[in-house]
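Architecture and fold: a report
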Amino acid sequence: MFSKTIIEPFRIKSVEPIRWTTREQRENLLRAAHCNLFLLSADDVLIDLLTDSGTGAMSTHQWAGVMEGDESYAGSRSFVHFKRSIQDIFGYTHVIPTHQGRAAERILFTVMCKKGDVVPNNTHFDTTRANVEFVGAEAVDLQIPEARHPETVLPFKGNMDVAALEELIARVGRERIPLVMLTVTNNSGGGQPVSMENAKAVAGVCHKHGIPLYFDACRFAENAYFIKLRERGYAGKTPKQIAQEMFALGDGCTMSAKKDGMANIGGFLCTNDEILARQEQNLLILTEGYPTYGGLAGRDLEAVAIGLQESLEEDYLRYRIASTAYLGNHISEHGVPIVQPPGGHAIYIDAKAFLPHIPADQFPGVALATELYLEGGIRSVEIGSLMFAEAAQMELVRLAIPRRVYTQSHIDYVVEIILRVWERRSRIRGMRLTYQAPFLRHFTAHLEPIG
Ligand code: F0G
């Protein structure tokens, strides 16, 4: 049996100071940042939960790998390590290194899609959607209907609606669907996992129609661990065996190694298709780099090769999932509304339910995120009306947890601050926009409190 106390399965060898600020300083800093947390200097943030992407801590093994990196332009030894590690887990024939996930997406969709095509996914991440749309194709989200209800508890709320996939294929025709994608875990849907049963059902539909299946694999290790915990027949399997079984259902993947690759930069694209691989490599050479390094240094390839294996270690995954759940469960026990159940990499607070007196056009998510900063120097991100304008389906604030960075006491601190803001929620005011860019406005918008 494991102890009740969650302990970090590592010792800390190198530390990075974080800086306290006073409430008065934070008020001034926030005003200078026009109430947009993206515009803060990271030094003025105490606990940074903006993203889990590229923000993880590397292990001693990874740093040793960095020193071993082979920086040869062609045929680098580090690429051999990178490819071997990826093929061990993912099993695909061709491995194409890229500088991060969206570069893999751009190459994949440029090669596979054309104007008028349709790409189904459980839920497209925003760069994935943007890259599909950039080549003139349509990105369709087919998450199960329950995923739209924050309070509904389901073990695999990231699943794709298989009946809706069949219906879409029948409606638009197989010829217009060059590939189907499955995002594990489903980031935009709350960091929720996809079950093996669902992946098999989706693969079954794809095979029946001769449509390739690709995984957006960013958080594959967390997804595998959820399967081990929650799906019948998988308790005795290792996370690696589960990941291998899932990837064997598909024809390839895109990956941002900034998540479950445990690296600060990196990504890759895999495929079993020889002809596509050649076209993808040609595009890679044009904008990313030679096929044995992509957009990466040899040392980055080593860090990813080692990090991918570490992300599947059970001690790590147990701590990772327990720590995220601890944050979610502790605030929800006190009534704070969150997307249930807690996800793998993040907790999503339902800002609409947290601040019912603030209408969507006064950005309840931004109001809550700025309060968390003012109260305790915590940086989170709004995923709602500021990010998506009229297309916003929910008003969420995401607290994404970097890998191996914060300790249990940091998480306790975050719980304490959220509960303090919860107690005085009725006094929180809405926000108004004073500047917005024509697209992706959330990164640079200026806002101010109303009244
Ligand atoms: N797919 C998913 C599911 C993602 O979450 C991300 C990035 C990407 C693709 C793109 O990868 O950033 O390496 O180009 N998500 C980060 C986040 C940015 O904060 O959720 P990238």
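Since we're looking at a predicted model, the values are computed, not measured. (Residues numbered from 1 in each chain as written. Predicted model: local features only at pLDDT ≥ 70, side-chain atom pairs only at ≥ 80, totals over all residues. Heavy atoms only, no water.)

Comments concerning the side chain of Asp44
Examined against the element boundaries, Asp44 turns out to sit in the loop between α1 (23-32) and β1 (47-48). By relative accessible area, which is 11% here, Asp44 ends up buried. Filtering out sequence-adjacent residues up to four positions away, Asp44 remains in contact with Arg19, Thr21, Leu29 and Tyr373. (Helix = DSSP H or I, 4+ residues; strand = E, 2+ residues; numbered from the N terminus. Buried < 20%, exposed > 50% of the residue type's maximum accessible area, 1.4 Å probe, protein only. Contact = heavy atoms within 4.5 Å.)

What about the domain arrangement of the protein?
Taken domain by domain, the protein comprises domain 1 (23-52 + 313-449) and domain 2 (60-310). At the interface, 24 residues of domain 1 touch 34 residues of domain 2. Buried area between domain 1 and domain 2, both sides added, is near 2,400 Å², and the carbon and sulfur share of it is 54%. On the surface where domain 1 and domain 2 come into contact, there are six salt bridges. (Domains from an automatic or database assignment. Buried area = accessible area lost by both parts, 1.4 Å probe. Salt bridge = Lys/Arg side-chain N within 4 Å of Asp/Glu carboxyl O.)

Some remarks on the site of the ligand
Every one of the 17 residues lining the ligand counts as a neighbour, but Thr51, Arg102, Ser256, Lys259 and Arg398 are closest to it. Within the contact set of the ligand, an oxygen atom lies 2.9 Å away from a side-chain nitrogen or oxygen of Gln100. Relative to its free-state accessible area of 480 Å², the ligand is covered by the protein chains to the extent of 94%. A majority-of-atoms criterion places the ligand in the largest cavity. Ranked by residue count, the leading element in the shell around the ligand is helix α4 (residues 101-112), at three residues. Considered class by class, the residues forming the shell around the ligand number two nonpolar, eight polar and seven charged. (Near = heavy atom within 4 Å. Polar contact = N/O pair within 3.5 Å; in protein donor to acceptor, adjacent residues only side chain to side chain. Areas by Shrake-Rupley, 256 points an atom, 1.4 Å probe, with all protein chains shown as cover. 1 Å grid on protein atoms, 1.4 Å probe; cavity = no way out; pocket = protein on both sides within 12 Å on 5 of 7 lines; lining within 4 Å. Sits in = over half its atoms within 2 Å of the grid points. Nonpolar A, V, L, I, M, F, W, Y, C, P; charged D, E, K, R; others polar.)

Comments concerning the sheet that holds strand β12 (residues 396-400)
One open sheet accounts for three strands, arranged β9-β12-β11; its pairing is antiparallel. Strands at the two margins of the open sheet, each flanked by one partner only, are β9 (346-350) and β11 (381-383). The average angle at which neighbouring strand axes cross in this sheet is 30°, direction not considered. As paired strands, β9 and β12 are joined by five bridges and run antiparallel to one another. Along β12, the bridge assignment pairs Asp350 with Leu396. Together, β9, β11 and β12 form the strand contacts of helix α14 (residues 364-376), whose direction differs from that of β12 by roughly 40°. (Pairing = 2+ DSSP bridges. Axes fitted to C-alpha atoms, helices over the stretch in contact; angles between N-to-C directions.)

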